[in-house]
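# Topology and contacts: notes
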Amino acid sequence: MHALKKNRPLRRIVLASAATVSGMVLLLSLKPHTSPTLATADTKSPTVSSSSAPSSGSSGSSGGSSGSSGGSSGSTSGTKVSRTATGDTVQTRWGPVQVRVTIKSGKLTDVTAVQYPQDNPRDQEINSYALPQLRREALAAQSADIDMVSGATYTSTGYKQSLQSALDSAGL
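What comes next is a walk through the structure. Residues take numbers from 1 onward in each chain, read along the sequence in its written order. Given that this is a predicted model, residues contribute local features only at a pLDDT of at least 70 and side-chain atom pairs are listed and counted only at 80 or more, while totals for whole chains, interfaces and linings are drawn from all residues. The side-chain figures draw on all heavy atoms in the structure; neither hydrogens nor water molecules are used.

### Section: helix α3 (residues 121-141)
Filter applied, for reference: Runs of H or I in DSSP of at least four residues are treated as helices and runs of E of at least two as strands, each being numbered from the N terminus. Residue count minus one, scaled by 1.5 Å, sets the expected span of a helix. The angle between axes fitted to the seven residues ending at a residue and the seven residues starting there is what we call the bend at that residue. Here the term buried applies to any residue with accessible area under 20% of the maximum for its type, exposed to any over 50%, and partly exposed to those in between, with areas from a 1.4 Å probe on protein chains only. Identification of polar contacts relies on pairs of N or O atoms within 3.5 Å, with a donor-acceptor requirement for protein atoms, meaning one able to donate a hydrogen and the other able to accept it, and with residues adjacent in sequence counted only if both atoms are side-chain atoms.
Taking 1.5 Å of rise per residue, the 21 residues of α3 would be expected to cover 30 Å, and the 30 Å separating its terminal C-alpha atoms lies within 8% of that figure. A maximum bend of about 30 degrees is found in α3 at Asn 127. Here α3 has its buried residues at Asp 123, Ile 126, Asn 127, Ala 130, Leu 131, Pro 132, Leu 134 and Ala 138. By the N-cap criterion, in which a side-chain oxygen at the helix start approaches the backbone nitrogen of a residue two or three places on, α3 is capped by Asn 120, the distance to Arg 122 being 3.0 Å.

### Topic: the pairing of strand β4 (residues 107-115)
Spelled out, the test is: A pair of strands is treated as paired once DSSP finds two or more bridges between them.
Of the strand pairs in this sheet, strand β3 (residues 95-104) and β4 are connected by 7 bridges, and their pairing is antiparallel. From the neighbouring strand, Val 101 faces β4, where its bridge partner is Val 111. Here β3 folds back onto β4 in antiparallel fashion, the turn holding 2 residues, of which Ser 105 has a positive phi close to 55 degrees.

### Thoughts on the environment of Lys 160
Filter applied, for reference: Every residue pair with non-hydrogen atoms within 4.5 Å of one another is taken to be in contact.
Position of Lys 160 among the secondary structure elements: in helix α4 (residues 153-170). Under the relative-accessibility criterion, Lys 160 is labelled partly exposed at 25%. Taking C-alpha positions, Lys 160 is 9.5 Å from Val 90, a pair spaced 70 residues apart along the chain. Not counting chain neighbours up to four residues away, the residues in contact with Lys 160 comprise Ala 144, Ile 146 and Met 148.

This is the structure:
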């Protein structure tokens, strides 16, 4: 009778040890978090000198490059002056999102995220892959009718709303 009582504590010890070892293996198999670089989202921001709604003389290179941009805007006969417009700041669950657009010859040529959540490493990681995807989508669609990025739902929603506001401000 006493032999059964002695087996139970041993059985518990074996199970606890196995659970501890399994937990440690799972914990050690996780990849360590690395802080991503946000160069793709931030590099475009300083090149735009105007942060207000449509302006025509803010870019010094627009006069010199007007002859070379004729090939890319063959279907549009509008002026070849580039202008920028900044959308409304959209408050999301994780922070504000704001977008600035550059329009040249009636076409959307650049989209820059001016504000986006970046308070912690997780926000930085999400936005380091979400913002370039959203930018590509917007440039390809030439509108705010773009797909959301999985895992960045709040940022995508804010981006789309601010993008639509900027496009409305620019008259596109």
